[in-house]
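Structural characterization, general
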Amino acid sequence: MKRTRGIYLAYTGCFLLLGLVVYGIFLLTGKSFIWEGDGLAQHYPVLVKFYTWLHHGGLTGWSWDLGLGADKLTTFSYYVLGDPFSYLIGLFPRHQLEMGYNLLILLRLYASGLAFLFFAHQRSFRPLSELLATLAYTFTGYSLYVSIRHPFFLLPMILFPLLAYGIDHVYRGRSWLPLAVVTGLALISNFYFAYILAIGSLVYALLRYGSLRQRLTVPLGRLVRRLISAGLVGFLLAGVLFIPSLLGVLSSTRAGGQFANGYGLFPVSYYLRLPNALLTTGNPMRFWVNVGMAGLSFLGVVYVLRHFRRYWWLNVSFVLLGVGTLLPAIPALMNGGTTPSQRWLLLAALPVGLAGLHFVDHLTTLTRGDLRTLVVSVIGLLVVVWAANGFVYSNHPHDFTIYGLLLLTLGAVLWGTWGHWTLRQWGRVLLPLLSINLVVNGYGYFNPNAGGASQQLLPRGVASRYQRDVLDGAEVAVTRSNGFSRSATSKYYNYTNEAKTNLGMNLGVHDIMSYFSVQNAAVGDFSQALDNAQFKMNKPINQADSRTTLNNLLGVKTIFARSNQRGLQALPAGYRPAKRHGKVVKFRDRPVHGLGNNYATTVLESKNALPLAYLQTHRLTSNQFNRLNGVDREQALTTGALIDGRVAGVPQATYRSRARQIGYTAKTDDRSVLDSLKKVVTFRQQGNQLLPDEALPQRPSLRKHNPDRSVNIRTDHARLRRLTRANRQTLRRNQTQNQNGLRQLTSDNQNHPIAVDLHVKTPKQTRKTELYLELTGIQAQGFSVADKYRGSQTTQTFKNQAFTGIARLNRLRNALWNVNDGAYTMTVGSKQNVTSFSQLGQSNLSDYQSKHRVLLNLGYTTKPRRTIRLTFKGVKQLSFKSAKLIAVPFGQSYTRRMTQLKRQGLQQLRVTDNHVNGIAASPRASILTTSIPYSRGWQLTVDGQATPLKKVNVGFVGARLAPGRHHIKLTYRTPGLRLGDWLTGLGLVILAGTGGWTWFWRRQSEN
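Residues numbered from 1 in each chain as written. Predicted model: local features only at pLDDT ≥ 70, side-chain atom pairs only at ≥ 80, totals over all residues. Heavy atoms only, no water.

**Remarks on the overall build of the protein**
In terms of regular secondary structure, the protein is built from 32 helices and 34 strands. Whereas a compact globule of 1007 residues would reach a radius of gyration of roughly 30 Å, the protein reaches 32 Å, a difference of no more than 12%. Burial analysis of the protein (1007 residues in total) assigns 58% to the buried set. Across the protein, the centroid of the 113 positively charged side chains sits 2 Å from that of the 42 negatively charged ones. (Helix = DSSP H or I, 4+ residues; strand = E, 2+ residues; numbered from the N terminus. Rg over C-alpha atoms; globule rule 2.2 N^0.38 Å. Buried < 20%, exposed > 50% of the residue type's maximum accessible area, 1.4 Å probe, protein only. Lys, Arg positive; Asp, Glu negative; His and termini not counted. Charge placed at Lys NZ, Arg CZ, Asp CG, Glu CD.)

Below, the structure written as C-alpha cells:
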C-alpha cells in the first residue's frame, strides 16, 4: 500500500511541476487554451450552452437554439454529455467559464496519466519504469495537441488504459465488473471514441491472451463468457446516452461519406512527412498523424522490436500500427468507413507506453547488441528524415532541439550502461532528461517561437467577450420581439464566405447557422435538394447563401449585416433596415481583439418570412419537383407543399417558372497574361508585375529590384517568343472553348489563373432580380509536380532570373511536399456583389465532398448587371458541362403569394422547447407545412387524436389536415431515449446483483 501511494504521489508531484512549466508559457503569451478555429466555433459555445442547460433547461429534448432546431442529446453527445469532466463546469460562476474550460483540460490530462499508471501498476513494473512511462504517456504529442484543439479528445487517453486494465483483471481470474463499468463509460463518452476503443480493446484482448495463454488458470470458454458479459452489461449501462446518439448518427449528414475520401494510397507528401512526425511537435500535420513520442519512448519501441520474440504480441501491435499509417483503408475503417483520419493512432500511446516500461525495466541488463541497435536506429531515423526532406535539413529549428534531446537520451543510456549505474542513478539522469524532452514537446505547440499552433490560440478573455459581443448587441432586436422567428447573418458579416460559428445559439436569436459534427440528415437533404452552395456535412444550411426565398421558407425574419454592406453587397430581396424615428437603427461596433469586423451592425427585417407552421392548400409531387433546378424548386415550394404519395382532397399545384435564363458572351481576360514580348518588357519595367494597378510605385531608379539590363529582351529571345506564343495559344483555345457559353477556366504557363468575363446581353432583364450562376458537370484538373516545376521555370525566364540547379531542386522538393489535393476556390463578382464557393480538398477529413454542380447566388439588386467576372485559384483548370445565368424576379406576385401563406399560418402559435401548439383553420383539406427539421421524435395530435406525421418539403415535419378548425399539438421526445432508460436500468440491476453475489460468495469463501 505504501509503495502504491508513493508512486501516485510521485506522479502527482511531477505532473504539477511539468504542467506548470509546459502550460505556464500561456502566462507569458497571454493566451487561453481556446483555438480560434473549432475551439471558438464549437467547443467553447457548446460548453456555454451546456452550462445553461445544467442550471435550467434540462439536457434532453429539443432546442430551437441549435440551428433550425435539433435534439440536445444527439447533438451534444459528441461533445460534452458523455464527458464526466464537463459536468464540473457547473461549479464555476458564469463569468469564469473560460477559466473553467482551461482547468478542465488540465484535469483531463492529469486523469489520463492516472489511468495509465493504474494500468501499469498492476503489471508489477519497477516504480521508476512506471513513473517515466506514465509521464511520457501523459504528455505525448497527441495529448498536448488535442488539449488546445479538441479537449474532449483526451477522454480515450483515459479510457483505453482502464479498458486494458479491465481485460487484464478478467485474465487474472478476477471479476468482470470493472471492465463492464469502463465499457459503459466508453460507450457513453462519444460514439466516435466508442467505436475506436471497441476495436482497440478487441485487438488488445486477443494480443494479451496470446501472450498469457500458457499461464492462464481460467479456461478459455469462461474467459470469453466473462468478456462478453462485461461488454453486454457495459452496453446496457450506456443505453441512456448510447442508443439515442447512435440513432442520431445513423440519421445524420455523415452517414453517406466516401470511403477513405477515394484514396487508395496516401499522397507522396504524406509518406515524406511521416518520419519527421514520430518525435517532433509543432509541424503542419497531414491526415491527423500526431505521434510526438519522447526520445525515451522511441528507444523503448526500438528495444522491444529488437527482442521481437520475447515481446512477440506487443510487436504485433506495432506491426498493425505501422501498416495502418501506410494504407488509407485502415484509418478509414477505424473511422467507420469514412475519412482516412489517423486520429485512431491515439491507441498507439498504450503500446508505446508498454515499450517504455519494458525498456526502463531492463536498463541494467542492456547488452552490446541492444546498444548497437539503439545507436543504429537513432542514426537511421535522422538519415531517413534527411532523405525525406530532399537530402537537406530544412526542418524548423525546434525539431533540432527534439533530435538533440534524443541524442542526449541515447548518450545517457550508453554512458549509464557502460558505467553500471544503479536504479537511483538512472532515475537522477533520465527523469530530468525526459522532463526537458516533454517540456520541449509542449513548447512545439504552445510557444510562438517554436510552432504555429500557439498563433491560432485566442488571447485570454477574448472568447468570452466575443460570445457576448459578436452581434454588437443587435440581438435585442430579436429577443425583445414577440412570437417565434429565426435570424441569420449576412454573407461576409465576418469577412468570410462561410462562417462557422455557433455563438448565435447562446444569444437567443434562433440563428439558422449551426456547426456540429452530428447534423440532421433531413436538413442536409433539404439544403442539397435546393442546391445551397454553402452546404457542408458539418454546416448544412450555414447562411442559406443569402438566398431570398430560402431564407423566407426557413422563417428568417431578421438578418444581421455590417453597416457598410448596404449599397456595396447585394442582400436578399425584401430585407429592409429596421428604423426608429425614421432613421436606420445601427448598433455601434463593440470591438473584440482580432475577431470583430470593425463596423456597426444593422438589422434587416423581412415581411415575407413564413411562420414556423402554416397550411398549404396545394401539393407538389416528387416528379414535378425533381424535374426542376434548384432555383425553381425553392420557388415551387411557395406554391405547394412537397409530400410523397396521394393526399386526399389536396389538389396538385401547377407551377410555372418565372425565372429567366440570361444570355451572355464569355471573354477571356488577357490583361494579366504575358502573351507578347511587349508585355514582357512592361512586366519587367514595372518590377515584375503586369497590371498597372498592381505595379510598384515609381522610383528614380529600377536598378534595386529590376536591373536595367533585365528589360532588354534580346537575351533568351527565342525562349521568350516560344513562351509568349504558348500563352497566346492558351488564350485562343480558352476563347474558342467558351464561344458558345462558359465551358472552361484555365491557367497560363506560369500557373496563374486567367479570368473570364461574362458580358450580359440584356442587362435590363437582371433588374429587380436575384441572379444565379448555375454550373454543372464541374471537373477540376490539379497541378502535377511537373506543372509546378515548369511554372516556376517559366516565371524565372520572364523575370530574366536564373533557374539554378539548387532552385530547381528546391522547387521540386516543394512540389513533392505540397501535392495538389483538388482544393480550389472560385470567386464570382459584379459591380453590385462578390461571392465565392470552395471545393474542399481530398485530404479534408471533415467535410470533403466532390462538387460537380453549384448554384451560386449573385444577390438581389434593382440595378442592371452588365459584367460578371469569374476567377479561381488552387487548381490548373476548371471545366463545365454548362454555365447558366438565371434571373429570378421578386415583384408583387411573389409578395402576394408569401402574404397569403402567412395568413394561413397557425393561429395562437406557441413554441416551447418540446412543444408546438396552434389552431389550424381551412375550409378545405390542406397540408400542415413546417420548417421543423424532420425527426421520428416528433408526435402530432389533432384535436387530441394521434395523427401520423409525414415528411414535407424534403426535410421537415408535416401532415394532412381535414377541412375545418383544428387544435394542433406537436410534442417531441428524443428517439431511443425510453429504450435507453430501460437498458440502463436493467444494466444497473445486473451490475448491482452480480456485485452483491460476488461479495457474498467471497465472504462465504473466507468463512
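From this point, things continue past the structure.
**Points about the environment of Leu131**
Position of Leu131 relative to the elements: it lies in helix α6 (residues 127-138). Of the residues examined, Leu131 reaches a relative accessible area of 10% and is grouped as buried. Separated by 672 residues in sequence, Leu131 and Phe803 have C-alpha atoms that sit 55 Å apart. Dropping the residues within four chain positions of it, Leu131 is found in contact with Ile7, Ala10, Tyr11, Cys14 and Leu431. (Contact = heavy atoms within 4.5 Å.)

**A short note on the sheet that holds strand β24 (residues 867-873)**
As summarised here, the arrangement of the five strands in space is β16-β18-β24-β21-β22, forming an open sheet in which the pairing is antiparallel. With one partner strand each, in any of the chains shown, β16 (664-668) and β22 (834-839) form the two edges of the open sheet. Averaged over all neighbouring strand pairs, the angle between strand axes comes to 20 degrees, with direction disregarded. Pairing analysis gives six bridges linking strand β21 (residues 824-829) to β22, with the strands arranged antiparallel. Note on β22: the bridge partner recorded for Val828 is Thr835. Contacts from helix α28 (residues 717-737) reach β16 and β18 (756-760), with the element oriented near 170 degrees to β16. (Pairing = 2+ DSSP bridges. Axes fitted to C-alpha atoms, helices over the stretch in contact; angles between N-to-C directions.)

**Quick word on the pairing of strand β34 (residues 964-972)**
Relative to β34, strand β28 (residues 915-922) is paired through eight bridges, and the arrangement is antiparallel. Within the sheet, the bridge partner assigned to His915 lies in β34 and is Thr971.

**Some remarks on the packing of helix α18 (residues 368-388) against helix α19 (residues 397-418)**
Remark: α18 packs on α19, axes separated minimally by 10 Å, with the N-to-C direction vectors making an angle of 170 degrees. For the element pair α18 / α19, the angle class is roughly antiparallel. Touching Leu371, Leu374, Val375, Val378, Leu381, Leu382 and Val385 of α18 are Tyr403, Leu406, Leu407, Leu410, Val413, Leu414, Thr417 and Trp418, all from α19. When its residues are assigned to classes, the contact of α18 with α19 shows 14 nonpolar, one polar and no charged. (Parallel < 35°, antiparallel > 145°, perpendicular 65-115°, else oblique. Nonpolar A, V, L, I, M, F, W, Y, C, P; charged D, E, K, R; others polar.)

**Some thoughts on the packing of helix α7 (residues 141-149) against helix α20 (residues 423-446)**
Geometrically, a packed helix pair is captured by the angle between its two axes and the distance between the axes. The N-to-C vectors of α7 and α20 enclose an angle of 35 degrees; their axes lie 10 Å apart at closest approach. In this structure, the crossing between α7 and α20 has a hand that is right-handed. In this structure, α7 contributes Gly141, Leu144, Tyr145, Ser147 and Ile148 to the contact, and α20 contributes Leu438, Asn441, Gly442, Tyr445 and Phe446. A breakdown of the residues in the contact of α7 with α20 according to their chemical character gives six nonpolar, four polar and no charged. (Left-handed = near helix turned anticlockwise from the far one by under 90°.)

**Remarks on the sheet that holds strand β32 (residues 950-952)**
Pairing is antiparallel across the open sheet formed by four strands, whose spatial order is β12-β29-β33-β32. Bordering the open sheet on either side are β12 (613-616) and β32, each of which pairs with just one other strand. Strand after strand, the sheet turns through a mean of 40 degrees between neighbouring axes, direction not considered. As defined by bridge partners, strand β29 (residues 926-933) adjoins strand β33 (residues 956-961) across five bridges and the pair is classed as antiparallel. Across the sheet, Thr929 pairs through a bridge with Gly958, a residue of β33.

**Here we look at the packing of aromatic side chains**
Within this structure, the stated rule accounts for 58 aromatic pairs. Where Phe235 meets Phe242, the ring centres are 6.0 Å apart and the plane angle is 80 degrees; that geometry is what we call edge-to-face. Take Phe235: its relative accessible area is 29%, and that puts it in the partly exposed class. On the basis of relative accessible area, Phe242 is assigned to the buried category, the value being 11%. Looking at Lys72, its charged tip hangs above the ring of Trp53, at a distance of 4.9 Å from the centre. A cation over an aromatic ring shows up here: Arg149 above the ring of Trp35, its NZ or CZ 4.0 Å from the ring centre. (Phe/Tyr/Trp six-rings, centres within 6.5 Å; stacked < 30°, edge-to-face > 60°. Lys NZ or Arg CZ within 6 Å of the ring centre and 35° of its normal.)

**Observations concerning a positive patch on the surface**
Where like charges cluster on the molecular surface, the positive patch consists of Arg721, Arg722, Arg725, Arg728, Arg732 and Arg733. If you trace the backbone, Arg728 turns up in helix α28. (Patch = residues over 30% accessible without salt bridge, like charges linked within 9 Å, V, L, I, M, F, W, Y side chains within 5 Å. Areas by Shrake-Rupley, 256 points an atom, 1.4 Å probe, with all protein chains shown as cover. Salt bridge = Lys/Arg side-chain N within 4 Å of Asp/Glu carboxyl O.)

**Structural notes on a nonpolar patch on the surface**
The grouping of Ile379, Val383, Trp386, Phe391, Tyr393 and Phe400 at the surface amounts to a nonpolar patch, some 590 Å² of accessible area in total. In terms of residue count, α18 provides more of the nonpolar patch than any other element does, three residues in total. Tracing the chain through its elements places Val383 in helix α18.

**Overview of the nonpolar core**
Counting 183 residues, the largest nonpolar core has Phe76, Phe298, Leu299, Phe359 and Phe446 as its most contacted members. No other element matches helix α5 (residues 97-121), which puts 12 residues into this core. In this structure, Ala636, Ile643, Val650 and Phe956 belong to the second largest nonpolar core, which totals 47 residues. (Core = buried A, V, L, I, M, F, W, Y, C linked by side-chain atoms within 4.5 Å.)

**A closer look at the pattern of salt bridges**
Summed over the entire model, instances satisfying the criterion amount to 20 salt bridges. Residue Asp83 pairs with Arg108 through a salt bridge whose shortest N-O separation is 2.8 Å. Residue Asp83 is found in the loop between α4 (72-76) and α5, and its partner Arg108 is found in helix α5; the two are separated by 25 residues along the sequence. Residues joined in a network through salt bridges with shared partners are Asp669, Arg671, Asp757 and Arg869.

**Remarks on the confidence of the model for the protein**
Counting all residues, the mean pLDDT for the protein is 93, and 97% of those residues have values of 70 or more. Under a pLDDT of 50 for its full length, residues 694-703 has, in the predicted model, 11 contacts with residues more than four places off or in other chains. (pLDDT = per-residue confidence, 0-100.)

**A word on the environment of Gln42**
Considering the arrangement of structural elements, one finds Gln42 in helix α3 (residues 38-55). Taking the relative accessible area as the measure of exposure, Gln42 reaches 4% and is therefore buried. Between the C-alpha atom of Gln42 and that of Gly248, which follows or precedes it by 206 residues, the distance is 18 Å. The contact partners of Gln42, leaving out residues within four places of it in the chain, are Tyr79, Asn502, Tyr515, Phe516 and Ser517.

**A look at helix α23 (residues 521-529)**
Counting buried residues along α23, seven of its nine residues qualify, which places the element largely inside the surrounding structure. Among the residues of α23, those classed as buried are Ala521, Ala522, Val523, Gly524, Phe526, Ser527 and Ala529. Where α23 is buried, its residues contact α24 (548-553), α25 (622-626), α26 (630-636), β29 and β33. Measuring from the side-chain oxygen of the N-cap residue of α23 to the backbone nitrogen of Ala522 gives 2.8 Å; that N-cap residue is Asn520. One or two residues past the end of α23 sits Asp531, with phi positive at roughly 55 degrees. (Polar contact = N/O pair within 3.5 Å; in protein donor to acceptor, adjacent residues only side chain to side chain.)

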